[in-house]
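Listed below are the residues making up each chain.
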Amino acid sequence: MTSIEEWRKEHNITKFNLLGHSFGGYLAALYAIRYPQHVSHLILADPWGMPEYPERTLPLRYRIIINLIKPFNIFSGLRVAGPLGPRLINRMRPDLQRKFTQNVKDVTAVPNYIYHCNVQDPSGEIAFKTLHLEFGYAKRPMLDRIGALDPSIPITYIGGAQSWMDPSSGIRIKELREGMAPVNVELILAAGHHVYADDPDKFNSLVNAACAMYDYNEIEETAI
């Protein structure tokens with residue numbers, strides 16, 4: 001949270017609409033709880049870490065795999081792969097390239113971008129590992145903490161109907177925030193977890209509508 005606040009101060013932004021996707025949604029919500037005076041609108045795009053971990057017993061093979069990979073950061077294997085990293089990404093996640101085919105003609109651009117973003121100092125991975133329980137669950141679920149958010153801050157929740165994230169989290173937030181600022185829950189039917197890429201036109205229209213809820217003549221706001 002400190003780094004986001006330092007960024008805000010450096011750019012002299014008084015108040016802004018804050019959007020976060022996946023793990024970024026969890027961090028955006030934490031920032032809004034800690035610094036409510038600087039957030040006009042919280043926009044959660046298929047956020048990670050919302051629901052509680054369900055009580056269940058996983059098959060033995062899954063428990064073995066989980067225990068084997070627990071000591072490592074998510075992209076450790078990508079860093080070990082070195083210059084073969086972009087090829088590894090293309091092989092394991094060819095869907096990522098397809099998502100951006102319409103706007104990115106260079107077939108090497110997307111895997112190279114993902115590779116170079118994730119082979120740097122893994123500060124984000126370390127933070128994720130610290131807050132992560134397993135799979136899509138946080139040690140401290142945001143649904144248990146969203147009540148601490150200033151009641152005057154509205155929320156827009158944009159989920160993907162085909163996502164592996166639990167789409168009911170948006171409805172649950174709306175129920176928990178009853179009587180407070182509006183909570184708008186939107187579900188993009190043709191989208192998975194990467195809502196911004198699976199249906200960019202719909203996603204952009206929802207984000208623009210969320211940002212337009214405020215009178216920019218009265219308050220200086222920036223969407224990030």
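Remember, predicted model here, so these are calculated numbers, not experimental data.

**A short note on the overall build of the protein chain**
Reasoning step 1: A count of helices and strands for the protein chain gives 11 helices and 7 strands.
Reasoning step 2: Looking at the protein chain as a whole, 39% of its 224 residues are labelled buried.
Reasoning step 3: In the protein chain, the proportion of contacts linking residues at least 24 apart, taken out of those at least 6 apart, comes to 74%.
Reasoning step 4: Within the structure as shown, the protein chain displays about 13000 Å² of accessible surface, and the carbon and sulfur contribution to it stands at 56%.

**Quick notes on helix 5 (residues 85-92)**
Reasoning step 1: Every buried residue of helix 5 is listed here: Gly85, Pro86 and Ile89. Burial along helix 5 is one-sided: seen end-on, the buried residues are contained in an arc of 100°. Exposed residues pointing more than 90 degrees away from the buried face of helix 5 are listed as Arg87 and Arg91.
Reasoning step 2: The elements touched by buried residues of helix 5 are helix 4 (76-81), helix 6 (94-99) and helix 7 (109-118).

**Section: the pattern of salt bridges**
Reasoning step 1: Enumeration over the complete set of coordinates arrives at 4 salt bridges.
Reasoning step 2: Ionic pairing is found between Arg93 and Asp95, a salt bridge with its closest N-O pair at 2.8 Å.
Reasoning step 3: A salt bridge links Arg172 to Glu175; the shortest N-O distance between them is 3.2 Å. Here Glu175 and Arg172 lie together in helix 9 (residues 168-176), a separation of 3 residues that amounts to about one turn.

**A look at the packing of helix 2 (residues 23-34) against helix 8 (residues 123-131)**
Reasoning step 1: Contact pair helix 2 / helix 8: the axes reach a minimum separation of 12 Å and the direction vectors enclose 75°. One way to sum up the angle between helix 2 and helix 8 is to call them roughly perpendicular. Counted together, Phe23, Tyr26 and Leu27 of helix 2 and Gly124, Ala127, Phe128 and Leu131 of helix 8 form the full contact between these two elements.
Reasoning step 2: Here the contact of helix 2 with helix 8 is built from residues that sort into 6 nonpolar, 1 polar and no charged.

**Section: the nonpolar core**
Reasoning step 1: Judged by nonpolar contacts, the single largest core of 29 residues is most densely connected at Leu42, Ile155 and Ile173.
Reasoning step 2: Looking at this core, the elements with two or more residues in it are strand 1 (15-21), helix 2, strand 2 (39-45) and strand 5 (155-160).
Reasoning step 3: A total of 7 residues in this core trace back to one element, the largest contributor, which is helix 2.
Reasoning step 4: Apart from the residues lying within four places of it in its own chain, the contact partners of Ile155 are His41, Leu42, Leu44, Ile146, Leu149, Ile173, Arg177, Pro182, Val183 and Asn184.
Reasoning step 5: Counting residues in each nonpolar core, the second largest holds 11 residues, with Ile188, Ala191, Val195 and Cys211 among its members.

**Considerations on the packing of aromatic side chains**
Reasoning step 1: As enumerated under the stated definition, the model contains 7 aromatic pairs in all.
Reasoning step 2: Geometrically, the ring pair formed by Phe23 and Phe128 is edge-to-face, given 5.2 Å between the ring centres and 85° between the ring planes. With a gap of 105 residues between them, Phe23 in helix 2 and Phe128 in helix 8 connect regions that are remote in the sequence. Both residues of the pair, Phe23 and Phe128, count as buried.
Reasoning step 3: A ring pair is formed by Trp48 and Phe128, whose centres lie 4.9 Å apart and whose planes are at 50°; its orientation type is tilted. Of this pair, Trp48 sits in the loop between strand 2 and helix 3 (60-69) while Phe128 sits in helix 8, and the two are 80 residues apart along the sequence.
Reasoning step 4: What makes Trp48 buried here is its relative accessible area of 1%.

Criteria and cut-off values
- Residues numbered from 1 in each chain as written.
- Predicted model: local features only at pLDDT ≥ 70, side-chain atom pairs only at ≥ 80, totals over all residues.
- Heavy atoms only, no water.
- Helix = DSSP H or I, 4+ residues; strand = E, 2+ residues; numbered from the N terminus.
- Buried < 20%, exposed > 50% of the residue type's maximum accessible area, 1.4 Å probe, protein only.
- Contact = heavy atoms within 4.5 Å.
- Areas by Shrake-Rupley, 256 points an atom, 1.4 Å probe, with all protein chains shown as cover.
- Arc of directions from axis to C-beta.
- Salt bridge = Lys/Arg side-chain N within 4 Å of Asp/Glu carboxyl O.
- Axes fitted to C-alpha atoms, helices over the stretch in contact; angles between N-to-C directions.
- Parallel < 35°, antiparallel > 145°, perpendicular 65-115°, else oblique.
- Nonpolar A, V, L, I, M, F, W, Y, C, P; charged D, E, K, R; others polar.
- Core = buried A, V, L, I, M, F, W, Y, C linked by side-chain atoms within 4.5 Å.
- Phe/Tyr/Trp six-rings, centres within 6.5 Å; stacked < 30°, edge-to-face > 60°.

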